[in-house]
Structures are given as C-alpha cells and as structure tokens.
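Chains, contacts and geometry: an overview
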Amino acid sequence: MLILGIILLQGCSYMAKIPGIKELPFVTKPEDESQAEDKDLGVKTIAVMPVEIKTGSRDAARIIRESLIEELYFKGYGKIPVEMVDAALADLRKRDSGVTGGTVPPQVIGSMLGVEAVLYTTLLEASTTYKYVYAPVVVSADFQLRRVTTGDVVWRYVSEAKEHDYGVTKNSLELGTTKIFEDVVHEAVKKAMTNLPDGPGIR
C-alpha cells in the first residue's frame, strides 16, 4: 500500500506538469479568437455608374453593371434604377459632351439623385485566349465606392475571375467560351460583392 501511494503521488506530480490543451502551442484560446468586424460604411443608397472600359467588351461592361445593381440590392442597399443614373448623365452631357460615368464627381451625382454613395467600376480585362485544345477566359475589374459628401473612397476591391473551356477545334472552343463568358463576368462581380460590407437592409 505504501509503495502504491508513492507511485500515485509521483503520477499526480507528473500530470500537473503537463500543459492543458489551451496551453499547448498552435492552439487558439477562446479569448484570442477574433470575430469578423461588422463594418458599416454609413451609406444606404448607391448609384452604379456606367462601367469604364480599359480593356474588354461593351457586353462585359453591361453585364457587370446589371449584376452590380442586383447584388447591391441583395446586400441590403437601396436599388437605384439605371434609367435614373443615365438620365442624370444625359443631362450633364448636354452641358459638356465629354462627360463619362467615370469623370463625374460623386458630389454631382449625389446632388442630382439624392444618393449617399457612387460606385465607379473600371473593366480591366475581359479576354479569351484560344490555345491548342483549351481557351482560358479572364475577367477583372476595379470597383471603387465613393461617398458623395466628401468624395472619399470608402471601399475598393479589384476582382478577377478565371475559367477555361476545352475543345478539339477552334469553333468548338469559341462556342464553349461564349457559353461560360457571362458566368465568369458574374463571378468577378460576386467576388467583389462578397467583400463589400452588408447594407442597412441586412444588418
């Protein structure tokens, strides 16, 4: 019994020296876990300007803008019809024929439409490269959200989406890439909108 007692005491002393699970390296402690910050951009309504094309097609620019309006609505921001934005730009062009969506200051759009922020988008690339048996499709765009009161950029994201199609002939590749092109454009927009904080309609 005496020997058994000594063994038990030595065992308890050894176990006391073993660190607990929370004390082991590479194990996150509850108090160290950081939760995702609930950001608030402080805007409720966003006007989506026509997409400026650096490299790419008008079709890609059109799809991006249409997709942005729908995605913003589902993110909890008020929907501003494209027709309202385009009408305001048309009115500005009567005074200055060189006006484009990317050159109009957010303060001007805000005063005309009563929105709180303006989203400017530049299509950086929308390309399809035909190779031997496959064709990659790449779409990238730069999204910038500016506050109408100050003109400051409150959110920015450069998004890129890629997909590819396989085919034996160029005709089959062209047919395949035509089918997936719009999906790639939508994916680029969705990546950006995933990064955008939720609007007041969601919080």
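In what follows, the accompanying structure is described. Owing to the predicted nature of the structure, the values given are computational and were not obtained by experimental measurement.

Brief notes about the pairing of strand β4 (residues 134–147)
Counted residue by residue, β4 has 10 buried out of 14 residues, so it is predominantly covered. As paired strands, strand β3 (residues 117–128) and β4 are joined by 11 bridges and run antiparallel to one another. Opposite L119, over in β4, you have L145 as the bridge partner. In textbook terms, the turn of a hairpin is the stretch between consecutive antiparallel strands, and for β3 and β4 this stretch comprises five residues.

Topic: the side chain of S140
Locating S140 in the fold gives a position in strand β4. For S140, a relative accessible area of 7% gives the class buried.

A look at the side chain of T121
Structurally, T121 can be placed in strand β3. If we ignore the near neighbours within four places in the chain, the residues touching T121 are P50, V51, E52, I64, L68, A141, D142 and F143.

What about helix α4 (residues 106–113)?
Within the sequence span of α4, burial applies to P106, I109, G110 and L113. Down the axis of α4, the sector holding all buried residues measures 100°, keeping them to one side. Next to the buried residues of α4 lie β1 (46–48), α3 (82–95), β3 and β4. Where α4 ends, the next residue or the one after it, G114, has phi of about 75°, a positive value.

Considering the nonpolar core
Ranked by size, the top nonpolar core spans 33 residues in total, and within it I64, L119, F143 and W155 carry the most contacts. Elements supplying a minimum of two residues to this core: β1, α2 (58–74), β3, β4, β5 (153–166) and α5 (170–195). The element that contributes the greatest number of residues to this core is α5, accounting for eight residues. Counting residues in hydrophobic clusters, the runner-up holds 15 residues, among them A47, L92, V104 and Y120.

Overview of a negative patch on the surface
Residues E163, E182, D183 and E187 make up a contiguous surface patch of negative charge. Broken down by element, the negative patch gets its largest block of residues, three residues, from α5. Assignment of secondary structure puts E182 in helix α5. On the basis of relative accessibility, which here comes to 41%, the residue E182 falls in the partly exposed class.

Brief notes about the packing of aromatic side chains
On inspection of all chains with the given rule, the structure shows one aromatic pair. Measuring from ring centre to ring centre gives 5.5 Å for Y73 and F74, while their planes differ by 70°; the resulting arrangement is edge-to-face. Note on Y73: relative accessible area 44%, which makes it partly exposed. Above the face of the Y73 ring, K79 is positioned so that its terminal group lies 4.6 Å from the ring centre.

Here we look at a nonpolar patch on the surface
Together, Y132, V133 and Y134 give the surface a local cluster of nonpolar side chains, amounting to about 360 Å² of exposed area. With respect to the helices and strands, the residue Y134 is situated in strand β4.

Quick word on the pattern of salt bridges
Side chains that differ in sign of charge can pair as their charged atoms come close. On inspection of all chains with the given rule, the structure shows nine salt bridges. Where K75 meets D198, a salt bridge forms, and the shortest distance between an N and an O atom there is 2.9 Å. On the criterion of sequence distance, the pair formed by K75 in the loop between α2 and α3 and D198 in the segment after α5 is long-range, its members being 123 residues apart. One salt bridge connects R156 with D142, and the closest N-O pair in it is separated by 2.6 Å. Here the residue R156 occupies a position in strand β5, and D142 occupies one in strand β4, the gap between them amounting to 14 residues. On the accessibility criterion, D142 (9% relative accessible area) is buried. Shared partners join several salt bridges into a network, and the residues in it are D59, R62 and E66.

Parameters at a glance
Residue numbers restart at each chain and count upward from 1, following the sequence in its written direction. Two thresholds apply to this predicted model, a pLDDT of at least 70 for residue-level local features and 80 or more for giving and counting side-chain atom pairs, whereas whole-chain, interface and lining totals are computed over all residues. Working from all heavy atoms in the structure, the side-chain values ignore hydrogens and water. Each residue is assigned to one of three classes by its accessible area relative to the maximum for its type, calculated with a 1.4 Å probe on protein chains only: buried under 20%, partly exposed between the two thresholds, exposed over 50%. The way it works is that DSSP assigns letters per residue, a run of H or I at least four long becomes a helix, a run of E at least two long becomes a strand, and they are numbered from the N terminus. In this analysis, strands are considered paired if DSSP registers two or more bridges between them. By definition in these notes, contact holds between two residues if any of their heavy atoms fall within 4.5 Å. Arc, as used here, means the arc of the directions from the helix axis to the C-beta atoms. In these notes, a set of buried Ala, Val, Leu, Ile, Met, Phe, Trp, Tyr and Cys residues joined through side-chain atoms within 4.5 Å is what counts as a nonpolar core. Only residues whose relative accessible area exceeds 30% and that form no salt bridge are eligible for patches; like-charged ones are grouped when within 9 Å, while nonpolar side chains (Val, Leu, Ile, Met, Phe, Trp, Tyr) are grouped when within 5 Å. Method for areas: the Shrake-Rupley scheme with a 1.4 Å probe, in which residue coverage is limited to the protein chains shown. For salt bridges, the criterion is a side-chain nitrogen of Lys or Arg within 4 Å of an Asp or Glu carboxyl oxygen. Think of it this way: Lys and Arg go in the positive column, Asp and Glu in the negative one, and His and the chain ends go nowhere. Note on charges: their place is set at NZ of Lys, CZ of Arg, CG of Asp or CD of Glu. Side-chain rings of Phe, Tyr and Trp, where Trp is taken by its six-membered ring, are said to pair if the distance between their centres is within 6.5 Å; with planes under 30 degrees apart they count as stacked, over 60 as edge-to-face, and otherwise as tilted. Only lysine NZ and arginine CZ atoms are considered, and such an atom sits over a ring when it is within 6 Å of the ring centre and within 35 degrees of the ring normal.

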